[in-house]
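Residue-level structural notes
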Amino acid sequence: MVPLSYYLVLSGILFASGVLGFLIKRNIITIFLSIELMLNGVNLSFVAFAAQWHVLSGQIFVFFVMVVAAAEAAVGLAIIIAVYRTRETLNVDQVNLLKL
Amino acid sequence: MTPNKYLWLIPMFPLAGAAINGFFGRHSSKRAITAVALTLCGASFGLAVLIAAGFSSASAPYYFDLAHWLRSGDFQVDFSFYLDQLSLVMMLVVTGVGFLIHIYSVGYMWDDDGYYRFMSYLNLFMFFMLTLVLAKNYLMMFIGWEGVGLASYLLIGFWFTKDSAASAGKKAFIVNRIGDFGFLIALFLLIKHFGTLDYPALFSKIQPLVPETAGVGLLTSIGILLMVGAAGKSAQIPLYVWLPDAMEGPTPVSALIHAATMVTAGVYMVARSHIIFERAPSASTVVAVIGTLTALFAATIGIAQTDIKKVLAYSTVSQLGYMFMACGVGAFSAGIFHLMTHAFFKGLLFLAAGSVIHGIGGEQDMRKMGGLRTYMPWTFATMGIATLAIAGIPPLAGFWSKDEILARAFDANWVYWLIGVITAFITSFYMFRLMYMTFGGDYRGGPAAHDVRHESADAHAMHDKHAKDELAHDTHGAPHHGEHGHGEPHESPWVMLGPLVVLAILSLFGGFIGIGDRFQHFLDPVFKAAAEPGLQEPVREAGENTREYLLMGISVAVAALGWFLAWLLYSSRPQLPARIAQHLGRLYTAVANKYYVDELYAAVFVNPLINGSTTILWHDIDQGAIDGTVNASADAARHISDELRHMQSGNLRSYAGWVAAGGAVVIAYMVWMGIR
Amino acid sequence: MLHLILFLLFGAFCLAGAVNLLAQSHPINSALSLIVVMASLAGEYLLLGAEFVAIIQVIVYAGAIMVLFIFVIMMLNAGREEVTRGSRIAILLGVPGVITGSLLVGWVLLFHANTVSVPIGAEHGGPTQIARLLFHEFLLPFEVTSVLILIAIMGAVVLASKPEAVAKSHPPQPPKEVPELVGAGKEH
């Protein structure tokens with residue numbers, strides 16, 4: 001019998017790690033990986049709450065999150081490729097033409 | 001009180017004239033303009049005469065309520081007109097003399113480009129003056145009061161392209177406003193303590209009050225403040241400085257506004273408020289003292305003036321002083337009597353001076369005149385009559401009125417009388433000086449001007465000090481009379497001489513109205529009914545008649561003495577004045593420079609005000625604070641956005657950083673709310 | 001007891017993978033760590049009784065999406081990360097923000113949340129039950145996501161295709177633009 005809050009804490013740690021990765025990392029692909037990490041953390045909390053309230057919709061929602069993550073990964077990676085073609089770099093600090 | 005439904009038309013006719021000429025005059029023919037102006041002014045005069053003819057003391061006073069105006073709680077003021085004996089006299093003087101001067105102006109201003117403007121302004125002035133005189137409450141009087149100030153400004157600065165004229169107009173208006181401030185405060189006090197400004201209602205409330213003999217009470221304050229207003233409008237000390245400058249305006253303006261009517265508004269106002277002054281002895285004393293001192297002061301300045309109009313201007317100030325002296329000692333009817341006769345002879349003097357100026361092509365300096373009696377006989381004759389009148393030579397009008405004032409002044413305090421007599425001597429002197437310099441001897445002006453040596457000797461001692469005076473009045477208007485150019489002096493046309501003759505007749509015979517106290521008794525219902533029993537003039541005892549004849553004799557003797565002295569100095573021994581001036585040295589310089597009063601005012605009031613405004617109000621507050629604030633807020637916005645724009649760095653990670661930080665704040669807030 | 005041990009075991013793997021993702025400098029290592037995280041998460045799901053979700057996690061997430069990531073990493077030949085001067089704000093504001101936020105949340109969850117203990121396999125999410133829900137109540141979102149995936153496919157194809165390939169299928173556009181941009185990129 002594990003208290004649900006443990007799962008939620010784990011989920012939070014995963015999410016926080018994802019955000020940290022987003023902030024710290026310079027390679028755009030690694031940043032994307034951090035985003036996926038965040039999404040996974042959220043998935044865990046959905047399933048945990050589905051277990052607590054005995055509502056299966058939580059798990060259904062995980063599906064949709066996964067679908068969105070897949071679509072986003074596909075399109076995002078395509079954008080990365082396009083940017084790489086023009087800027088020859090994967091360093092996110094060097095893609096800053098939009099600054100004021 | 002009986003209603004009279006024609007009263008309101010008297011001011012309205014000239015207003016219509018002003019409007020018509022003002023709006024349509026620019027493109028109308030001069031005949032049309034003249035017709036409109038003269039007809040409407042004449043209609044006003046005619047109606048005034050008709051009403052006067054039907055005037056009956058039994059049914060007086062007449063009134064007419066034109067329209068509602070202010071309603072504020074219990075306080076109410078309407079557009080109402082009022083006619084009692086006092087306003088009747090004023091109304092006749094204003095419309096009569098005004099009409100004559102309108103006729104005169106037709107001739108005088110005919111060649112001026114702004115002819116339509118002039119006639120429009122003249123009519124406008126008539127409207128305001130009549131509103132002032134026919135008002136039924138102080139607020140209507142104030143409308144007229146301010147309005148005549150406006151008309152005065154417009155007319156003094158009529159040739160506005162000339163700097164000195166524009167400045168003179170401004171000076172007149174501003175100094176007037178200072179007086180008006182006092183007048184307004186007095187009105188506020190009246191409203192606060194009596195709740196009404198309507199003459200009948202207000203005076204009936206003041207009637208039962210006891211005279212304030214101890215200290216400065218309410219009525220004394222009101223009286224003094226009213227006097228401040230009167231001093232501004234009627235050019236008394238210390239607010240007289242605008243009147244000599246007002247000579248920049250065309251001569252008909254000087255005649256109408258600054259001799260006959262506008263400047264007398266102050267006297268009328270004091271007379272109308274006699275109930276207040278009778279119950280405030282200190283205020284009355286103030287009035288009398290100011291009047292007396294001004295009379296003497298202005299007369300002394302008049303001795304040394306060389307511009308013909310300036311002499312008359314100071315003379316006006318001096319004569320107004322006489323009127324205030326009369327009102328101050330309680331002789332209101334005497335003051336009004338002198339107002340009437342003064343309108344006749346001073347108006348005549350100014351018009352005649354205008355005729356002289358017109359006839360010699362614009363010259364106003366008396367040192368360049370002389371010998372004009374052969375060239376302008378009619379002007380000489382009429383002006384001579386006016387001079388006799390103002391000097392107080394019997395049986396002309398001025399003698400009766402001035403003597404009445406002096407007699408009543410003697411009753412009050414012999415010091416007033418003494419100063420009045422001295423002033424009468426000086427008045428006679430400078431007026432005959434004017435006559436001798438202008439009409440006597442040989443003609444000194446124009447291209448046939450004689451040597452400097454033959455000029456009146458004043459010039460020798462003072463010629464460079466009068467440069468300012470000479471520049472001030474140059475020509476008598478633009479455009480110059482081409483055909484009169486540098487020709488011989490000539491008499492004026494009959495359109496100008498006619499009014500001169502009429503006024504001369506009035507100056508000759510107008511005084512007889514006052515014989516035997518007839519004039520005074522006519523005004524009795526106004527002044528007597530409300531006087532305190534103790535303040536009534538003492539009944540003439542038998543022995544007093546001799547005293548009265550003695551006083552009369554003294555004033556006549558004094559006038560003759562002045563005439564003799566003027567003859568001596570300017571006709572018989574013309575080299576004397578220069579020697580006397582040199583002997584007097586500094587004293588003469590001071591008098592000739594009007595005791596440096598204008599310079600004093602400039603140093604004490606005007607320049608500090610201008611400097612203060614420039615440095616403090618303009619530089620510090622307007623540019624520094626207000627502009628500074630606006631500019632600073634613009635700068636602040638720019639700086640803030642300058643700092644904030646760094647948030648948009650184009651760097652993905654910094655955006656994520658901001659989001660994370662914001663998210664932490666939100667989470668913290670939610671936890672805190674949950675905890676509470 | 002076993003529940004707790006298993007939970008802690010899988011949790012440790014998760015955290016190890018997450019930390020490794022942050023620690024590694026080469027993206028391929030980070031990707032592989034993420035696969036470890038996903039696998040252990042599948043274990044967590046099983047502990048919570050979500051069988052179908054766990055299997056789908058492994059097949060789709062770890063098996064398809066991560067493979068896609070690795071393909072891209074290899075295609076772009078991403079090397080070790082250079083250490084460039086990045087954003088100060090991210091470090092100064094973001095990291096403390098994340099840490100405080102998560103600490104707060106953690107503290108709330110541990111001490112103030114009234115959550116119950118869940119037994120092992122608490123909510124049984126077998127394929128039948130999932131399918132029943134998916135095709136009854138969540139039919140519309142299901143269909144919409146299929147459209148979403150279609151759009152994503154098209155978008156990815158368009159975005160990632162070479163410019164000449166796009167130019168061939170579209171009316172000719174001035175070709176000079178692209179080399180300039182590439183040149184501009186090189187200047188940096």
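Treat the numbers as computed from the prediction; the structure is a model and nothing was measured.

Counting its secondary structure elements, chain A contains three helices and one strand. Reading chain A from its N terminus to its C terminus gives the helix and strand order β-α-α-α. The buried share of chain A, reckoned over its 100 residues, is 62%. Counted over contacts in chain A with a minimum sequence separation of 6, partners at least 24 positions apart contribute 49%.

In this section: the overall build of chain B. Helices and strands together make up the secondary structure of chain B, namely 28 helices and three strands. Counting every position in chain B, which comprises 676 residues, the buried fraction comes to 52%. Restricting the contact set of chain B to residue pairs at least 6 apart, pairs at least 24 apart contribute 82%.

On to the interface of chain C and chain B, then. Between chain C and chain B, the contact holds 13 residues from the first and 14 residues from the second. Residues belonging to the side of chain C that touches chain B are distributed by class as follows: seven nonpolar, six polar and no charged.

Listed by partner, the interface residues are 62 residues for chain A and 73 residues for chain C. Every element with two or more residues in the side of chain A that touches chain C is listed here: strand S1 (2-3), helix H1 (4-24), helix H2 (28-53) and helix H3 (57-87) of chain A. Residue contributions to the side of chain A that touches chain C peak at 22 residues, all from H3(A). Residue composition of the side of chain A that touches chain C, grouped by class: 43 nonpolar, 14 polar and five charged.

Counting 207 residues, the largest nonpolar core has Phe125(B) and Val270(B) as the members making the most contacts within it. With 17 residues, helix H15 (residues 332-359) of chain B is the single largest residue contributor to this core. In contact with Phe125(B), not counting residues within four places along its chain, are Val148(B), Ala151(B), Leu155(B) and Ile257(B). Counting residues in each nonpolar core, the second largest holds 82 residues, with Ile31(A), Ala660(B), Ile73(C) and Ile130(C) among its members.

Next up on the list: unusual backbone geometry. Residue and element names in this part refer to chain B. Cis geometry is adopted by the peptide bond preceding Pro238, which originates at Ile237 and carries an omega value of 0°. One can find Pro238 in the loop between helix H8 (218-233) and helix H9 (242-245). In the segment running from Pro394 into Pro395, the intervening peptide bond is cis, with an omega of -5°. In this fold, Pro395 is placed in the loop between helix H17 (377-391) and helix H18 (397-412).

Parameters and conventions
Residues numbered from 1 in each chain as written. Chains lettered and ligands numbered in written order. Predicted model: local features only at pLDDT ≥ 70, side-chain atom pairs only at ≥ 80, totals over all residues. Helix = DSSP H or I, 4+ residues; strand = E, 2+ residues; numbered from the N terminus. Buried ≥ 20, exposed ≤ 12 C-beta atoms within 10 Å, placed from the backbone. Contact = placed C-beta atoms within 7 Å. Nonpolar A, V, L, I, M, F, W, Y, C, P; charged D, E, K, R; others polar. Core = buried A, V, L, I, M, F, W, Y, C linked by C-beta atoms within 7 Å.

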